[in-house]
Amino acid sequence: MGKRSLPPPPSHVSLAASLGNDGIIMVLFETPSGFAIFSFDGVRLLLPDAMENIWANFGRKYRAKCVVWRKEFQFFEDKSADINPVTGVSKELSAMLMKWCCPGYKLAVAKNEYKTIIEASLGIPCLCDDAMMEVMWGLKNIMHSLVPEEKSELSKEERLQMSQGLQMLLNRYGVDVKPEMVSDRIIGLACVLYDCDGNEKVHSISLHDGGNILKDVSGIDPRDWSPMKLATALKMVCYPGEEIVGGDPKEMFSDDVLLKFEEDAHKYEGKMYNAICLKIYNELLSYNEVRTVKVEQLRSSVKEAEKVYQTDKDALRSWGLDPPSKRFKSKK
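Residues numbered from 1 in each chain as written. Predicted model: local features only at pLDDT ≥ 70, side-chain atom pairs only at ≥ 80, totals over all residues. Heavy atoms only, no water.

- As recorded in an unreviewed UniProt entry, the chain goes by the name Nucleolar protein 58/56 N-terminal domain-containing protein, listed as coming from Urochloa decumbens.

As structure tokens, then:
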């Protein structure tokens, strides 16, 4: 019996249909002084790689403009009374929510408590899961650009606590940083690395056809090769004899493979889009160069954050106060 093929991933259209309203959901965002309502591209919450990607939409304010749109913001004097397990949702907050959460719209909230209260009081279906927490992290990260009326500051622990997606990227690059040490610069550098990885994934899809031709013509299977290695191979057969600046081919390929490239180069004439192969090769080379620089800058920034954190912690202890990490944990 042959292997059972996996079903295709759900389409954007089918995911949007599952949410209703073309996939747009509403988001209740709590600031230090009030509540804001945003609309958000909810399909992003349902994609298979949602946890890896959502944070990057909020790494810089210009990126968020493509996925989240502000609807309203109001100040509330006592937020604990406006959404309360005993009294429910206040008249003012209810009016705000009902104004934007038309029938069929789902509302994302940051706390399961809020989900319970709002669903019971207003009948609005609410979302509250790990993917939604990534959105909340992002909204906190760029709060003042989205809600300029809010003059109060979130605490450092609340504003820059680690998102799961950001943690995944940092782990992939071997960068270890405590949540309380995450800075705006660290987030910005991580966004650059995220973009490099994303662009490489796009090119890896384009390289797939070239890899199939390589296998058909020369019997070389590039299935486990990195995009850069495959792009290098394609450049070598498309432009035999030209310089390879992305690494030493003798270190990348065996002698037998290199000989095969040389002997079969003429067989690829008319089979490859040479200019496209060269363009992809040069762009991947550029991404690798950017990665090298940004990873070094990221590690330097983490070291600097560790120094600042340690200095602040020592100062607090000298005053008889708890260090930031302990104060943060005590809030949970």
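Structure shown, so let's carry the discussion forward.
Structural notes on the overall build of the chain
- Within the chain, the secondary structure is distributed over 16 helices and seven strands.
- For 332 residues, the compact-globule formula gives about 20 Å, and the C-alpha radius of gyration of the chain, at 25 Å, lies well above that figure.
- The dimensions of the chain, computed from C-alpha atoms along their principal axes, are 80 × 55 × 40 Å.
- For the chain, with 332 residues in total, the buried portion stands at 44%.
- The long-range fraction of contacts in the chain, counting pairs at least 24 apart against all pairs at least 6 apart in sequence, stands at 67%.
- Considering the chain, the positive charge centre built from 44 side chains and the negative charge centre built from 48 side chains are found 3 Å apart. (Helix = DSSP H or I, 4+ residues; strand = E, 2+ residues; numbered from the N terminus. Rg over C-alpha atoms; globule rule 2.2 N^0.38 Å. Buried < 20%, exposed > 50% of the residue type's maximum accessible area, 1.4 Å probe, protein only. Contact = heavy atoms within 4.5 Å. Lys, Arg positive; Asp, Glu negative; His and termini not counted. Charge placed at Lys NZ, Arg CZ, Asp CG, Glu CD.)

Overview of the layout of surface pockets
- The volume enclosed by the second largest pocket comes to roughly 240 Å³.
- If you trace the second largest pocket, you find 14 residues lining it, with Asn53, Tyr194, Asp197, Gly198 and Lys201 closest to the centre.
- Taken together, the elements giving at least two residues each to the lining of the second largest pocket come down to helix H2 (50–53), helix H10 (164–172) and helix H11 (184–218).
- Class assignment for the residues of the lining of the second largest pocket results in four nonpolar, four polar and six charged. (1 Å grid on protein atoms, 1.4 Å probe; cavity = no way out; pocket = protein on both sides within 12 Å on 5 of 7 lines; lining within 4 Å. Points joined across faces, edges and corners; volume = space filled by probe spheres on them. Nonpolar A, V, L, I, M, F, W, Y, C, P; charged D, E, K, R; others polar.)

Regarding the side chain of Arg291
- Locating Arg291 in the fold gives a position in helix H15 (residues 274–318).
- Looking at Arg291, its side chain comes within polar contact range of the side chain of Tyr173, at 2.9 Å.
- Ignoring any residue separated from it by four or fewer positions in sequence, one finds Arg291 in contact with Tyr173, Leu193, Cys196, Asp197 and Glu200. (Polar contact = N/O pair within 3.5 Å; in protein donor to acceptor, adjacent residues only side chain to side chain.)

Details of the packing of aromatic side chains
- Applying the stated rule across the entire model yields eight aromatic pairs.
- For the pair Phe40 and Phe58, a centre-to-centre distance of 6.3 Å together with 25° between the ring planes defines the contact as stacked. Pair noted here: Phe40 is in strand S2 (residues 34–41) and Phe58 is in the loop between H2 and helix H3 (61–64), with a separation of 18 residues, a long-range link.
- Grouping aromatic residues by their ring pairs yields a cluster made of Phe35, Phe76 and Tyr114. (Phe/Tyr/Trp six-rings, centres within 6.5 Å; stacked < 30°, edge-to-face > 60°.)

Some details on the environment of Phe38
- Residue placement: Phe38 occurs in strand S2.
- Sequence separation of Phe38 and Val290 is 252 residues, and the distance between their C-alpha atoms is 34 Å.
- Sequence-distant contacts of Phe38, defined by excluding residues within four places in its chain, comprise Ile25, Met26, Val27, Phe29, Val68, Trp69, Arg70, Lys71, Leu139, Leu146 and Val147.

What to know about the state of the cysteines
- Summed over the entire model, instances satisfying the criterion amount to zero disulfides.
- Cys101 takes part in no disulfide bond, and the closest cysteine sulfur, belonging to Cys126, lies 7.7 Å away.
- The exposure class of Cys101 is buried, given its relative accessible area of 6%.
- Free of any disulfide, Cys196 has its nearest neighbouring cysteine sulfur in Cys191, separated by 11 Å.
- Cys196 sits in the buried class, given a relative accessible area of 5%. (Disulfide = S-S within 2.5 Å.)

A short note on the sheet that holds strand S7 (residues 126–127)
- With mixed pairing, the five strands of this open sheet are ordered in space as S3-S2-S1-S6-S7. Looking at which strands have only one partner, the edges of the open sheet turn out to be strand S3 (68–75) and S7.
- Seen against the sheet, helix H7 (residues 130–141) touches strand S1 (24–30), S2, S3, strand S6 (107–108) and S7 and runs at an angle of roughly 55° to S1. (Pairing = 2+ DSSP bridges. Axes fitted to C-alpha atoms, helices over the stretch in contact; angles between N-to-C directions.)

Section: helix H14 (residues 255–264)
- Taken residue by residue, H14 has Val257, Leu258, Phe261 and Asp264 as its buried positions. Relative to the axis of H14, the buried residues are bounded by an arc of 145° and lie together on one face. Exposed positions of H14 whose direction lies more than 90 degrees from the buried face are Asp255, Asp256 and Glu262. (Arc of directions from axis to C-beta.)

What about unusual backbone geometry?
- Of note in this structure, Asn21 is not a glycine but carries a positive phi near 50°.
- Examined against the element boundaries, Asn21 turns out to sit in the loop between helix H1 (12–19) and S1.
- By relative accessible area, which is 29% here, Asn21 ends up partly exposed.
- For Asp22, which is not glycine, the phi dihedral falls at a positive 55°.
- Here Asp22 lies in the loop between H1 and S1.
- Here Asp22 falls in the exposed class, since its relative accessible area comes to 69%.

Describing the pattern of salt bridges
- For the structure shown, the criterion picks out 16 salt bridges.
- When the shortest N-O distance is used, the salt bridge between Asp197 and Arg172 registers 3.0 Å. Here Asp197 is found in helix H11, whereas its partner Arg172 is found in helix H10, with 25 residues between them in sequence.
- Residue Arg172 is classed as partly exposed on the basis of its relative accessible area of 47%. (Salt bridge = Lys/Arg side-chain N within 4 Å of Asp/Glu carboxyl O.)

Some details on helix H12 (residues 227–238)
- Taking 1.5 Å as the rise per residue, H12 with twelve residues should run 16 Å; its terminal C-alpha atoms sit 16 Å apart, in good agreement.
- Buried residues dominate H12, accounting for eleven of its twelve residues.
- Looking only at H12, the buried set comprises Pro227, Met228, Leu230, Ala231, Thr232, Ala233, Leu234, Lys235, Met236, Val237 and Cys238. (Expected span 1.5 Å × (residues − 1).)

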